[in-house]
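What the coordinates show
Each chain is listed here by its residues.
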Amino acid sequence: MKVKPSYFKSRLFLKYISSYLFVLLIPLICLTFVLYHNTAANLRAQIEQSHLNQLTQAETIVDTHLQQLNDIASRAAYDPRLSRYRVHDAYYSLEAIDALGNYKAASPIIDEMFLYFRGDPRIYSSVGMYDLDVFADKYRFRNWEAGTVETDLNKTRFATMRPADLVSRGSGFEQSTLAYLVPIVPNSPNPHGTLMYFVKESSLTGLIDSILGGYEGSSYIFDSEGQVLAVKSNQEEGLGEDALGSLVSLSTGTHSIAIDGVPHSVVSVKSELNGWEYVTLMPSSQFFSSVLHIRTFIAALFSIVVVFGALGAWLLARRQYSPIFQLSEFAESKPTSRSGDANPVHDAAPGNELDRIRSALQAYSAKADLQEPYARNHFLLMLLRHGGDEELTPELLQSFGLDFDRTRYFTMLIGRERPGATTDETRDWQLMLTMLAEAEYPELGAKLHSVELQKPDQIALIVGFDPLEELDETEQIDRIARSVHDHLQGIGRLNPAIGIGTCSAGPQRLSQSFIEACSAFESRTRSGGASIAYFSDLTADSGEAYWVPKNVLLKLTQSLKQGSADVAARSVAEALDTLRIPGLSARYMRCIGFDILNTILKTANEAGIDNLHGGIPPLESFSSPEELEPYFLRLVDKLCEQIEQKEECEAHTLMDTIVAYIDEHYADHSLSLETISHNYSISMSYFSRSFKEKVGTNFVQYIWHKRMAAAIVQLTTTDEPLKEIIGRIGYQDAPNFIRKFKKETGHTPGQYRKLFSGSAKGV
């Protein structure tokens, strides 16, 4: 039952109303009086300046699109696919048409694009090739005769925009279109061809309308000679030559011109790029209509504030107090929880409304602190997988309680010797995670940040340290690694295996160090070597000094598995450096290239990616690293993208499976984060984060809502005792369930059954 506030019994409400009578009413009366005299003039100036700024922005956008057309022409002029001999070749002509289609798609204002070689009886477009007479029959201009079209295509020496003209496209449909002719090669004294763009008149005027928003006037675009290129007019009859001439002669700014005896407000902007002039025209009464409305509104507001100031203060104070009262009632009724316990314990909060709200906020802050480690772990995981300097802002680091104040950083990957361990070993592993969350080795100048990975048997450590004078860097890293290893062995049943990446200045290259640590760890576990493996110790064992080093191929493989495109690209560059060794024969160069390619394809096969055949470089590209590198980079980018998509798809599928499992077993009182994580071999941090992303709420809340819904169904459809219902839905603490049920619904379970059961509804 909703409780209504008793306003005059609350000292807090009385404070609000007395404060608003002085703070709100008196200053607002004075401010309204001042605004009455000044707002009209200021608003008029703002409207003029705003419209001028918008038209300037529109002019800049149109100029940008025109410059884009010129850039397209420049690229097309040097595109080998659009050379005269290839276009005329029957085998390559389709490739040229596709190229025109790609160039057409590069600009949103191009309606159609044509390529013409001077003296040629044919013209090419993105949809095919036409003879000139067929082209003239298909595209018939009202004011541009076919013969003139051919002459202009052959003789145009400078980029030329023809005014909008009605074009019939053979089916009786006419459309106002501008033709933009650009000779190729641009700026050449002897161009060999012409690119012709068709641009819908509505495309240019639409750009202006999109910037001006709800503008209801007319807009014009004039070229440098005062000729109208495009127009959008809301007048029934167009402007005469004298009126158009008066628009062309205007300077940039806002002007007032009388047309047919009616004052009009005109905004004009001139382009410095091509001399075009952009003009908007609207009757002044419409242009400044909002000024009149604002004047009337301010006068009315002045009267309303004077007459109803006291009433406004009352309403505002009541409105301000209402959410505080509701929050106070919520704070009194909502239980708080301790240490993340799923079963809440009610704590009464004494004092006034603000005291009760403060107590509730403190309780929810404690709950947020429970979720902070998951968010922190996700942030560090993204740093390891993708790196990025921009994420390391002081505010973000402070929110997670992190600091990267050391000068040198590297990554360690720690894994269990026996995955799927016993209960005792699992407990030891959790103890290790807690110990390494924020660990320091002051004697070695090192600070550690642990990161839980998706696999429950592996974690990563971000290690930062300051160099010590008495130790070189390699020896200091080795001592840190051995200290961690010895510390973990001392816990009890852990016998960890550790892979260590290379060291760099600052945390920006941690993603590469993580890939290297994974490579060292995998190499160590495959070979059954020592407990600690260093990536720097992995060497090529090929028998040839100029073969690709083993560590480079391992890093390439591992970066592809992790979907880290930037590290993979650097690994490809390192591998291709082998091909640049002086004196390397073509036979060895090709074999080394095949070795790199085989590494990429083998990794793709292991990851279940089998659609990379189209990206395999052609045989002739293996003759030089410069030709081979672009193919390899595109190949690894495509592979990393598909691996990330596959991981995301598998993660969604896994979450769907887990949600279905929870929906089926929510009544099991032993269901918990730990059991789900263990059953599906994922870390609790990964599961908690992914589950909330999937269903929009955390695990504990989801279970509670499922059990709550089941309890309501059984209360309203059966006559079974409440104790049996509570036990059947997986809740063991009956008094606590009753208390939570009442806070959720406003009724006890017994009251709810009487009010909403089927028998009650039938009465």
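Residues numbered from 1 in each chain as written. Predicted model: local features only at pLDDT ≥ 70, side-chain atom pairs only at ≥ 80, totals over all residues. Heavy atoms only, no water.

1. Let's talk about the overall build of the chain
- Secondary structure assignment for the chain yields 25 helices and 20 strands.
- The burial tally for the chain puts 44% of its 763 residues in the buried class.
- Entry remark: accessible area of the chain is about 39200 Å², with carbon and sulfur atoms responsible for 54%. (Helix = DSSP H or I, 4+ residues; strand = E, 2+ residues; numbered from the N terminus. Buried < 20%, exposed > 50% of the residue type's maximum accessible area, 1.4 Å probe, protein only. Areas by Shrake-Rupley, 256 points an atom, 1.4 Å probe, with all protein chains shown as cover.)

2. Observations regarding the environment of Arg376
- Position of Arg376 relative to the elements: it lies in helix H10 (residues 353–386).
- Along the chain, Arg376 and Leu402 lie 26 residues apart, while their C-alpha atoms are 8.6 Å from each other.
- Beyond its immediate chain neighbours, meaning those up to four positions away, Arg376 contacts Phe400, Leu402, Ala437, Glu438, His449 and Ser450. (Contact = heavy atoms within 4.5 Å.)

3. Here's the deal with the packing of helix H18 (residues 625–665) against helix H20 (residues 684–695)
- Interaxial distance between H18 and H20 falls to 10 Å at its minimum, and their mutual angle equals 85°. By the angle class used here, H18 and H20 are roughly perpendicular. Between H18 and H20, the contacting residues are Ala651, Met655, Asp656, Ile658, Val659 and Ile662 on the first element and Tyr686, Phe687, Ser690, Phe691, Lys694 and Val695 on the second.
- Tallied by class, the residues present in the contact of H18 with H20 amount to nine nonpolar, one polar and two charged. (Axes fitted to C-alpha atoms, helices over the stretch in contact; angles between N-to-C directions. Parallel < 35°, antiparallel > 145°, perpendicular 65-115°, else oblique. Nonpolar A, V, L, I, M, F, W, Y, C, P; charged D, E, K, R; others polar.)

4. Observations regarding the nonpolar core
- Leu115 and Tyr197 are the most contacted members of the largest nonpolar core, which has 45 residues in total.
- Among the elements that make up this core, the one with the highest residue count is helix H1 (residues 11–77) (10 residues).
- Apart from residues lying up to four places away in sequence, Leu115 is in contact with Leu82, Val87, Leu100, Ile123, Tyr124, Ile184, Thr194 and Leu195. (Core = buried A, V, L, I, M, F, W, Y, C linked by side-chain atoms within 4.5 Å.)

5. Some words on the packing of aromatic side chains
- Throughout the structure, instances matching the rule amount to 21 aromatic pairs.
- Relative to Tyr752, the ring of Phe741 lies with its centre 5.5 Å away and its plane at 90°, an arrangement referred to as edge-to-face. Of this pair, Phe741 sits in helix H23 (residues 734–745) while Tyr752 sits in helix H24 (residues 749–756), placing them 11 residues apart in sequence.
- For Tyr752, a relative accessible area of 14% gives the class buried.
- Grouping aromatic residues by their ring pairs yields a cluster made of Phe114, Tyr130, Phe135, Tyr139, Phe141, Trp144 and Phe198.
- Directly above the aromatic system of Tyr92 lies the positively charged group of Arg86, at a separation of 4.1 Å from the ring centroid.
- Cation over ring: Arg634 sits above Tyr631, and NZ or CZ is 5.0 Å from the ring centre. (Phe/Tyr/Trp six-rings, centres within 6.5 Å; stacked < 30°, edge-to-face > 60°. Lys NZ or Arg CZ within 6 Å of the ring centre and 35° of its normal.)

6. Considerations on the pattern of salt bridges
- Applying the stated criterion to the full structure yields 18 salt bridges.
- A salt bridge links Asp209 to Lys232; the shortest N-O distance between them is 2.5 Å. Pair noted here: Asp209 is in helix H6 (residues 201–212) and Lys232 is in strand S10 (residues 228–232), with a separation of 23 residues, a long-range link.
- What makes Asp209 buried here is its relative accessible area of 17%.
- For Lys232, a relative accessible area of 32% translates into the label partly exposed.
- Ionic pairing is found between Arg728 and Glu720, a salt bridge with its closest N-O pair at 2.6 Å. (Salt bridge = Lys/Arg side-chain N within 4 Å of Asp/Glu carboxyl O.)

7. Focus: the sheet that holds strand S9 (residues 218–222)
- Strand order in the open sheet formed by five strands is S10-S9-S13-S12-S11, with antiparallel pairing between adjacent strands. Only two strands of the sheet have a single partner each, and these edge strands are S10 and strand S11 (253–259). Averaged over all adjacent pairs, the angle separating strand axes in this sheet is 20°, with direction ignored.
- Pairing geometry for S9 and S10, over four bridges, is antiparallel. For Ile221, the partnering residue across the bridge sits in S10 and is Ala230.
- Packed onto the sheet, H6 meets S9, S10 and strand S13 (277–283) and runs at close to 55° relative to S10.
- Of the strands in this sheet, S9, S10, S11, strand S12 (262–270) and S13 are in contact with helix H7 (residues 241–248), which crosses S9 at around 70°. (Pairing = 2+ DSSP bridges.)

8. Quick look at the pairing of S9
- With five of its five residues buried, S9 lies for the most part within the structure.
- Judged by which residues are buried, S9 turns out to be covered on both faces: Ser218, Tyr220 and Phe222 on one side and Ser219 and Ile221 on the other are all buried.
- Across five bridges, the pairing between S9 and S13 is antiparallel. When the sheet's bridge partners are listed, Ser218 is paired in S13 with Leu281.
- If you look at the hairpin formed by S9 and S10, you'll find five residues sitting between the two strands, and Gly226 has a positive phi there, around 85°.

9. Describing a negative patch on the surface
- Judged by side-chain charge, Asp637, Glu641, Glu644 and Glu648 come together as a negatively charged surface patch.
- Inspection of the secondary structure puts Glu641 in helix H18.
- Accessibility expressed as a relative area gives 47% for Glu641, which makes it partly exposed. (Patch = residues over 30% accessible without salt bridge, like charges linked within 9 Å, V, L, I, M, F, W, Y side chains within 5 Å. Lys, Arg positive; Asp, Glu negative; His and termini not counted. Charge placed at Lys NZ, Arg CZ, Asp CG, Glu CD.)

10. Brief notes about the pairing of strand S8 (residues 193–200)
- Of all eight residues in S8, seven are buried; the element is thus mostly enclosed.
- With six bridges connecting them, strand S1 (residues 112–117) and S8 associate as antiparallel partners. When the bridges of S8 are listed, Phe117 appears paired with Gly193.
- Note that strand S7 (residues 174–184) and S8 share eight bridges and pair antiparallel.

11. A closer look at helix H3 (residues 93–105)
- Its 13 residues place the ends of H3 19 Å apart at the C-alpha level, agreeing with the 18 Å of an ideal helix rising 1.5 Å per residue.
- Every buried residue of H3 is accounted for by Ser93, Ala96, Ile97, Ala99, Leu100 and Tyr103. Taken down its axis, H3 places every buried residue within 155° of arc, on the same side. In H3, the exposed positions that point more than 90 degrees away from the buried face belong to Leu94, Asp98, Asn102 and Ala105. (Expected span 1.5 Å × (residues − 1). Arc of directions from axis to C-beta.)

12. Some points on the confidence of the model for the chain
- Residues with a pLDDT of 70 or more make up 84% of the chain, whose mean pLDDT is 79.
- Of all helices and strands in the chain, the one with the weakest mean pLDDT is helix H25 (residues 758–761) (48), whereas S1 scores best (92).
- Predicted confidence for residues 540–544 stays below pLDDT 50, and this span has five contacts to residues more than four positions away or in other chains.
- With pLDDT under 50 throughout, residues 759–763 is counted as low confidence; its partners more than four residues away or in other chains account for three contacts. (pLDDT = per-residue confidence, 0-100.)

13. Concerning the side chain of Arg406
- Tracing the chain through its elements places Arg406 in the loop between helix H11 (394–399) and strand S14 (408–415).
- Residue classification places Arg406 among the buried positions, given a relative accessible area of 18%.
- One polar contact links the side chain of Arg406 to the main-chain carbonyl oxygen of Gly445, over a distance of 3.4 Å.
- For Arg406, the contacting residues outside a window of four places in its chain are Glu440, Gly445, Ala446, Lys447, Gly464, Phe465 and Asp466. (Polar contact = N/O pair within 3.5 Å; in protein donor to acceptor, adjacent residues only side chain to side chain.)

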